[in-house]
Amino acid sequence: MREEMKKRAGEYAAKYIKDGQVVGLGTGSTVKYTILELGRMVKEGIDIIGIPTSKATGQLAESVGIKLGSIDEYPEIDITVDGADEVDPNLNLIKGGGGALLREKIVAHASKYEVIVVDESKVKKVLGEFPLPIEIVRFGYRRTMNVLSSLGCGPSLRMQDKTPFITDNGNYIVDCKFNRIENPKILEEKIDKIPGVVEIGLFIDMANEVVVGKKEEVEIMRRP
Ligand code: 5RP
């Protein structure tokens, strides 16, 4: 059922893409459906350039025939479609469950319009149940984690196959369980000041619309 909701949201968001656009391509199992749909649209003749937010997304997009470019070639992106781990009523997001938050944030910041695709389980009144992903440099990572825990979270180093997960940028990810993030903007400012932190999975005032996949329809959330 959840997979159907993801598919419904992901495919719906492909309708936002117009011929000739530079399109940021997010990372994850929901936006995968947007990318597959865009692949079908490319075969039918639409001409777009995709800017991938991860190596995995780049591979998927190429495999379905989407032409790729880099953000250095296309520093202004018309529209980006991406997933999220949590969404609040103000369209603030937690992202980074797939470990691509740094590139996702750079691409979101460069985008004129950011569309987020989620299934309904990701919509929350308050952010923080999902552990907040934070990308940190490897040097001094234990100390960085200690400083993060002093902000009231339980930090855990993300692992993959018994070794630390390494991002596409060669860094570590720490997942910080806050439970309730009452003021995402203030928390982001505090974490941003910690040496060793590269990027934070809080996306504040970045999403323009969220497409929520439900059992039988999609709901569109817009920033209040
Ligand atoms: C990757 C992300 C993803 O967009 C987020 O984790 C949602 O993924 P999914 O659609 O697979 O639940 O932020 O860094």
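The rules behind each value
Residues numbered from 1 in each chain as written. Predicted model: local features only at pLDDT ≥ 70, side-chain atom pairs only at ≥ 80, totals over all residues. Heavy atoms only, no water. Helix = DSSP H or I, 4+ residues; strand = E, 2+ residues; numbered from the N terminus. Rg over C-alpha atoms; globule rule 2.2 N^0.38 Å. Buried < 20%, exposed > 50% of the residue type's maximum accessible area, 1.4 Å probe, protein only. Areas by Shrake-Rupley, 256 points an atom, 1.4 Å probe, with all protein chains shown as cover. Lys, Arg positive; Asp, Glu negative; His and termini not counted. Charge placed at Lys NZ, Arg CZ, Asp CG, Glu CD. Domains from an automatic or database assignment. Contact = heavy atoms within 4.5 Å. Buried area = accessible area lost by both parts, 1.4 Å probe. Salt bridge = Lys/Arg side-chain N within 4 Å of Asp/Glu carboxyl O. Polar contact = N/O pair within 3.5 Å; in protein donor to acceptor, adjacent residues only side chain to side chain. Nonpolar A, V, L, I, M, F, W, Y, C, P; charged D, E, K, R; others polar. Near = heavy atom within 4 Å. Arc of directions from axis to C-beta. Disulfide = S-S within 2.5 Å. Pairing = 2+ DSSP bridges. Axes fitted to C-alpha atoms, helices over the stretch in contact; angles between N-to-C directions.

1. Here we look at the overall build of the protein
So, point 1. Across its full length, the protein carries six helices and 16 strands.
So, point 2. Here the C-alpha radius of gyration of the protein, 17 Å, is about what a compact globule of 224 residues would show, namely 17 Å.
So, point 3. Per-residue burial for the protein yields a buried fraction of 51% across its 224 residues.
So, point 4. Surface summary for the protein: the accessible area is close to 10,800 Å², and the carbon and sulfur share equals 49%.
So, point 5. For the protein, the distance from the average site of its 32 positive side-chain charges to the average site of its 35 negative ones is 4 Å.

2. Thoughts on the domain arrangement of the protein
So, point 1. You can read the domains of the protein as domain 1 (2–123 + 204–214) and domain 2 (132–199).
So, point 2. Each of domain 1 and domain 2 was reduced to a C-alpha centroid, and the two centroids are 24 Å apart.
So, point 3. With 14 residues of domain 1 at the interface, the matching set in domain 2 holds 15 residues.
So, point 4. Taken together, both faces of the contact between domain 1 and domain 2 bury some 1,300 Å²; the carbon and sulfur share is 59%.
So, point 5. In terms of surface lost to domain 2, no three residues of domain 1 exceed Leu101, Leu102 and Ile204, which account for 40% of the buried area on that side.
So, point 6. At the boundary of domain 1 and domain 2, one finds two salt bridges.
So, point 7. Taken together, domain 1 and domain 2 are joined by seven residue pairs in polar contact (both at pLDDT 80 or more).
So, point 8. A per-element tally of the side of domain 1 that touches domain 2 places helix H4 (residues 101–109) first, with four residues.
So, point 9. Its residues assigned to classes, the side of domain 1 that touches domain 2 comprises four nonpolar, six polar and four charged.

3. Considerations on the site of the ligand
So, point 1. Taken together, 17 residues sit near the ligand, with Ser29, Thr30, Asp85, Gly96 and Lys122 positioned nearest.
So, point 2. Here Lys95 contributes a side-chain N or O atom positioned 2.9 Å from an oxygen atom of the ligand.
So, point 3. Interatomic distance of 3.3 Å between a backbone N/O atom of Gly98 and an oxygen atom of the ligand.
So, point 4. Alone, the ligand offers 380 Å² of accessible surface; in the complex the protein occludes 91% of this.
So, point 5. Of all elements in the fold, only strand E4 (79–83) and H4 reach the threshold of two or more residues within the shell around the ligand.

4. Here's the deal with helix H3 (residues 55–63)
Structurally, the α-helix is built with 3.6 residues per turn, so residues lying three or four positions apart point the same way.
So, point 1. Looking at H3, one finds that the buried residues are Thr57, Gly58 and Ala61. What you see down the axis of H3 is that its buried residues fit within an arc of 100°, all on one side. For H3, exposure combined with an orientation more than 90 degrees from the buried face picks out Lys55, Ala56, Gln59 and Ser63.
So, point 2. In this fold, the buried residues of H3 make contact with strand E1 (22–25), helix H2 (31–43), strand E2 (49–52) and strand E3 (67–68).

5. A look at the state of the cysteines
So, point 1. Counted according to the given criterion, the structure contains zero disulfides.
So, point 2. Sulfur of Cys153: no disulfide; nearest cysteine sulfur belongs to Cys176 and is 3.4 Å away.

6. As for the side chain of Thr167
So, point 1. Inspection of the secondary structure assignment puts Thr167 in the loop between strand E11 (163–164) and strand E12 (172–177).
So, point 2. Overall, the relative accessible area of 5% leaves Thr167 in the buried class.
So, point 3. Among residues more than four places away in sequence, those in contact with Thr167 are Gly99, Glu135, Tyr172 and Ile173.

7. Considerations on the sheet that holds strand E16 (residues 218–222)
So, point 1. The mixed open sheet is built from seven strands, whose spatial order is E3-E2-E1-E4-E7-E15-E16. Edge positions in the sheet fall to E3 and E16, since each of these pairs with one other strand and no more.
So, point 2. As defined by bridge partners, strand E7 (residues 114–119) adjoins strand E15 (residues 209–213) across five bridges and the pair is classed as parallel. Looking at E15, one finds that Ile116 is bridged to Val210.
So, point 3. Along the sheet face, H2 touches E1, E4 and E7 and points at about 135° away from the line of E4.

8. Focus on the sheet that holds strand E14 (residues 202–203)
So, point 1. With antiparallel pairing, three strands are arranged side by side in an open sheet as E5-E6-E14. The open sheet is flanked by strand E5 (86–87) and E14, the only strands paired with a single partner.
So, point 2. When E5 meets strand E6 (residues 93–94), the two strands line up antiparallel, connected through two bridges. Counterpart to Glu86 in the pairing with E6 is Ile94.

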